[in-house]
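One-letter residues, chain by chain:
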Amino acid sequence: MLARCARCQGTFTTEKYGRQTCPHCGSELLLADPGAPPPAAPEKPAGGAAWGAAPPPPPSAGAAPPPGGLPPPPPPGGGWAPLPPPPPAAEGAIPAPFADRARRGFFSSFFETWKLASVETQKFFGRVRIDQTGSAILFGVLAAWVGASLAALLNWASGMSIQALLRQLTENLPTEQAEMMGRISGLLGGGVALLQIVIAPLATLVWMFILAGLVHVLLLLFKGAQRGFDATLTVVAYSFGVQLLTAVPGCGSLIAFVWQLVIAIIGLGAAHRCGTGKAAAAVLLPLVLLCCCACLGIGLAVGGLGTALQHATQGGNANL
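Residues numbered from 1 in each chain as written. Predicted model: local features only at pLDDT ≥ 70, side-chain atom pairs only at ≥ 80, totals over all residues. Heavy atoms only, no water.

A. Focus on the overall build of the protein chain. Across its full length, the protein chain holds nine helices and four strands. Listed by position from the N terminus, the elements making up the protein chain come as β-β-β-β-α-α-α-α-α-α-α-α-α. Put simply, the protein chain has 320 residues, and 31% of those count as buried. Contacts spanning at least 24 positions in sequence make up 64% of the contacts within the protein chain whose residues lie at least 6 apart. (Helix = DSSP H or I, 4+ residues; strand = E, 2+ residues; numbered from the N terminus. Buried < 20%, exposed > 50% of the residue type's maximum accessible area, 1.4 Å probe, protein only. Contact = heavy atoms within 4.5 Å.)

B. Summary view of helix H7 (residues 229–239). The element H7 is extensively covered by neighbouring structure, given that nine of its eleven residues are classed as buried. Listed as buried for H7 are Ala-231, Thr-232, Leu-233, Thr-234, Val-235, Val-236, Ala-237, Tyr-238 and Ser-239.

C. Highlighting the packing of aromatic side chains. All told, the structure shown has eleven aromatic pairs when counted by the stated rule. Each ring, one from Phe-124 and one from Phe-125, has its centre 4.9 Å from the other, and the planes form 75°; the classification is edge-to-face. Summarising the burial analysis for this pair, Phe-124 and Phe-125 share the class buried. Measuring from centroid to centroid gives 6.3 Å for Phe-125 and Tyr-238, while their planes differ by 55°, and the two rings are tilted. In this pair, Phe-125 is assigned in helix H3 (residues 121–127) and Tyr-238 in helix H7, connecting sequence segments 113 residues apart. With respect to class, Phe-125 is no different from Tyr-238; both count as buried. What links up through ring pairs into an aromatic cluster is the set Phe-98, Phe-106, Phe-107, Phe-110, Phe-111, Phe-124, Phe-125, Phe-139 and Tyr-238. (Phe/Tyr/Trp six-rings, centres within 6.5 Å; stacked < 30°, edge-to-face > 60°.)

D. Representation of the confidence of the model for the protein chain within the structure. Averaged over all residues, the pLDDT of the protein chain equals 79, while 71% of them reach at least 70. Across the protein chain, element-level confidence peaks in H7 with a mean pLDDT of 96 and bottoms out in helix H5 (residues 175–186) with 61. Segment residues 77–81 is flagged for pLDDT under 50; beyond a separation of four residues in sequence, or across chains, it makes 19 contacts in the model. Predicted confidence is poor over residues 86–92, with pLDDT under 50, and the contacts of this stretch with residues over four places away or in other chains come to ten contacts. (pLDDT = per-residue confidence, 0-100.)

E. Quick peek at the pattern of salt bridges. Per the stated rule, a full pass over the model turns up five salt bridges. Lys-123 is the partner of Glu-120 in a salt bridge, and the nearest nitrogen-oxygen pair spans 3.8 Å. Assessed through its relative accessible area of 29%, Glu-120 is described here as partly exposed. Asp-131 is paired through a salt bridge with Arg-129; the nearest N and O atoms lie 2.8 Å apart. (Salt bridge = Lys/Arg side-chain N within 4 Å of Asp/Glu carboxyl O.)

F. A look at a nonpolar patch on the surface. Taken together, the side chains of Trp-145, Val-146, Leu-150, Leu-153 and Trp-156 present a nonpolar region at the surface, about 420 Å² in accessible area. Examined against the element boundaries, Trp-145 turns out to sit in helix H4 (residues 133–170). Owing to a relative accessible area of 34%, Trp-145 belongs among the partly exposed residues under this scheme. (Patch = residues over 30% accessible without salt bridge, like charges linked within 9 Å, V, L, I, M, F, W, Y side chains within 5 Å. Areas by Shrake-Rupley, 256 points an atom, 1.4 Å probe, with all protein chains shown as cover.)

Written out as structure tokens, the structure reads:
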């Protein structure tokens, strides 16, 4: 059969359908089989497209027309047109559900974002938009504030029973000791819980920017900051979502701390396209330095205390 190239208008003979290469100019062509059945239309999912699902690709030139539709117009000059290049993959072009809360609803978008950032971390931060830092900051501050508020209320409720116990103990104590116990019980009152609830959002916001700035500087040193400060701030802000777990009595704060570190390492590696190695170094290095400084301080304090006790012992022996 005879085919014509749409680029060079040259004709050539071929015995098969499908992908062809023009022998005159080397262009890639698609020779459709007119006798082939039309492709079946894809079924639309019942619940709509999931977050991060790629849109269907556009129909290629020379493909068979969809069932019931009109055939595409022929390319200029007739013949078979070369295949167009595939569209580039969109990186970071999908808004987080919480950024689309006006359409999705506040609570549903909040918990969907929490699940994506906390459980599907690699997928979420590899596709999420990094130019919507306002929504990310609001998400992190709200999550941390709710967790801190619930924890403060639980501590206040448990402190009420401790206050009643302290009042019983101070009934038979001397006046000075009773006043001291009263001051201690005052620290367990509702005023402290209210103060924690009020300052929690501001403290979270300040700590969020300090942490993001420190991590981003270390990423720059390790040559891992590929997409700017907005990417770092987005990951750090969304990682504060697990601070909701601080409301869990007992080990909730420890679980939230470890989980946030894991989210930050995986999220920074995916958002900056730098891998988890550089991200882990940027996140864990401040903790290592903090631990070293704490150990050094404890060592100096213990050494000073030992020296003071030794001098006191030597002075006591000299007096004897």
